[in-house]
Amino acid sequence: MPSNLQAGNYQDTAIKGVRIQFTYRPSIFPLSWLNAGINAKGEPILPGEISRVKMLMVRALSKYPDTVLQKELRAVYFLRSMSMYNVIYGGTNSRDAVYLTDNGVDMGYTDAFIEQTFHHEFSSILYRNYPALLDTMVWKAANIPNFDYNDPEGGLGAIRKDESSQDLDTALCRIGFLTQYAYSDMENDVNTIAQNLFKPSPGFWNIVNTYPRIKEKVRLLVNFYIKISSGFNQQFFMKMN
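Below is a summary of the structure that appears in this document. (Residues numbered from 1 in each chain as written. Predicted model: local features only at pLDDT ≥ 70, side-chain atom pairs only at ≥ 80, totals over all residues. Heavy atoms only, no water.)

1. Quick notes on the nonpolar core
Then comes step 1: In this structure, Phe-118 and Leu-197 are the most contacted members of the largest nonpolar core, which totals 58 residues.
Then comes step 2: In terms of residue count, the dominant contributor to this core is helix H9 (residues 212-228) (eight residues).
Then comes step 3: Here Leu-197 is in contact with Phe-204, Trp-205, Val-218, Leu-221, Val-222, Tyr-225, Phe-237 and Met-240, once residues within four sequence places are set aside.
Then comes step 4: Residues Ile-28, Leu-79, Met-84 and Ala-97 belong to the second largest nonpolar core, which totals 14 residues. (Core = buried A, V, L, I, M, F, W, Y, C linked by side-chain atoms within 4.5 Å. Buried < 20%, exposed > 50% of the residue type's maximum accessible area, 1.4 Å probe, protein only. Helix = DSSP H or I, 4+ residues; strand = E, 2+ residues; numbered from the N terminus. Contact = heavy atoms within 4.5 Å.)

Shown next as structure tokens:
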């Protein structure tokens, strides 16, 4: 269970050695994010949401070996809203921290959405930190021939163009992509597979077994995690819910 670090309405906490912070100040962001170009901004999470997301993080972090968390993840920051480049973000990440938003279930921030977003963002940290463990050439070979990820701005461009849906899309699965957002760049493609490995959307494993291109990417990403830690294995991911 979490342990309290700070008294008051915004009780920051630690789970498996990872700081979970609800108090907001601009300094939670890297200094470079505060410049005029990025202009990172946030709003404090609603106090009534704190107990829910604490329990969500207990569940989400329990899916990772302690050694991975201790080495790769310093903190998770929760906000009611967050923007950068004048664009609203649901989640993002820095070198060793994840930033998540939650404005209540009625606004679409369900338990599944928040947990998937955490796994999505944490996979970016691991993707950057272990580039040699994922064969990008083999990954790209799982896409249709001559495909090139279609947005030079990656996820930011997809959000700006309102092409960032994370709904599973069987038409895209045929050509190697789980969702519209996965189509934007390779990191987002990896992120989208990762969030479904750790918190599968309904029908995910049926899609894996139906579409060979998706199955190959799942195989590659499972092997990536296994190379990071022996705490992961194929059966581990099959048991996720």
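2. Describing the side chain of His-120
Then comes step 1: Tracing the sequence through the fold places His-120 in helix H3 (residues 111-129).
Then comes step 2: His-120 sits in the buried class, given a relative accessible area of 5%.

3. Overview of H9
Then comes step 1: Here H9 contains 17 residues, and its C-alpha end-to-end distance of 25 Å stays within 8% of the 24 Å for a straight helix at 1.5 Å per residue.
Then comes step 2: Residues of H9 that are buried include every one of Ile-214, Lys-217, Val-218, Leu-220, Leu-221, Val-222, Phe-224, Tyr-225 and Ile-228, and no others. (Expected span 1.5 Å × (residues − 1).)

4. Examining the packing of aromatic side chains
Given two aromatic rings, their pairing is described by the distance between the two centres and the angle made by the two planes.
Then comes step 1: All chains considered together, the criterion is met by 26 aromatic pairs.
Then comes step 2: Ring centres 6.0 Å apart and planes at 80° place the aromatic pair Phe-198 and Phe-232 in the edge-to-face group. Pair noted here: Phe-198 is in helix H7 (residues 186-198) and Phe-232 is in the loop between H9 and helix H10 (234-238), with a separation of 34 residues, a long-range link.
Then comes step 3: A relative accessible area of 2% places Phe-232 in the buried class.
Then comes step 4: Seen from their ring centres, Phe-198 and Phe-237 are 5.2 Å apart, and the 80° between their planes marks the pair as edge-to-face. Highlighted residues: Phe-198 in helix H7 and Phe-237 in helix H10, separated in sequence by 39 residues. With respect to burial, Phe-198 and Phe-237 carry one shared label: buried.
Then comes step 5: When the ring centre of Phe-177 is taken as origin, the NZ or CZ atom of Lys-217, which lies over that ring, is 4.2 Å away. (Phe/Tyr/Trp six-rings, centres within 6.5 Å; stacked < 30°, edge-to-face > 60°. Lys NZ or Arg CZ within 6 Å of the ring centre and 35° of its normal.)

5. Observations regarding the side chain of Thr-192
Then comes step 1: Relative to the assigned elements, Thr-192 resides in helix H7.
Then comes step 2: Ignoring anything within four residues of it in the chain, the contact list for Thr-192 reads His-120, Gln-166, Leu-178, Thr-179, Tyr-181 and Ala-182.

6. Some thoughts on unusual backbone geometry
Then comes step 1: Unusually for a residue other than glycine, Lys-16 sits at a positive phi of about 50°.
Then comes step 2: Structurally, Lys-16 is set in the loop between strand S2 (13-15) and strand S3 (18-21).
Then comes step 3: The class for Lys-16 is partly exposed, based on a relative accessible area of 31%.
Then comes step 4: Positioned with a positive phi, Asn-39 is a non-glycine residue whose angle comes to about 55°.

7. Quick look at the environment of Ser-81
Then comes step 1: By the element assignment, Ser-81 lies in strand S5 (residues 75-84).
Then comes step 2: Residues Ser-81 and Asn-103, spaced 22 residues apart in sequence, show a C-alpha to C-alpha distance of 7.1 Å.
Then comes step 3: Contact partners of Ser-81, with chain neighbours within four places excluded, come to Lys-41, Gly-42, Glu-43 and Thr-101.
Then comes step 4: Looking at Ser-81, its side chain comes within polar contact range of the side chain of Glu-43, at 2.6 Å. (Polar contact = N/O pair within 3.5 Å; in protein donor to acceptor, adjacent residues only side chain to side chain.)

8. Some points on helix H1 (residues 50-61)
Then comes step 1: Helix length check: H1 (twelve residues) gives 16 Å between terminal C-alpha atoms against 16 Å at 1.5 Å per residue, within 8%.
Then comes step 2: Residues of H1 that are buried include every one of Ile-50, Arg-52, Val-53, Lys-54, Leu-56, Met-57, Ala-60 and Leu-61, and no others.

9. Description of the pairing of S3
Within a regular beta strand, the side chains point alternately toward one face of the sheet and then the other, so they alternate between its two faces.
Then comes step 1: As defined by bridge partners, S2 adjoins S3 across three bridges and the pair is classed as antiparallel. Note that in S3 the partner of Ile-15 across the bridge is Val-18.
Then comes step 2: Between S2 and S3, which follow one another and run antiparallel, lie two residues, and Lys-16 among them has a positive phi close to 50°.
Then comes step 3: Pairing between S3 and S5: three bridges, direction parallel. Bridge pairing in S5 places Gln-21 opposite Tyr-77. (Pairing = 2+ DSSP bridges.)

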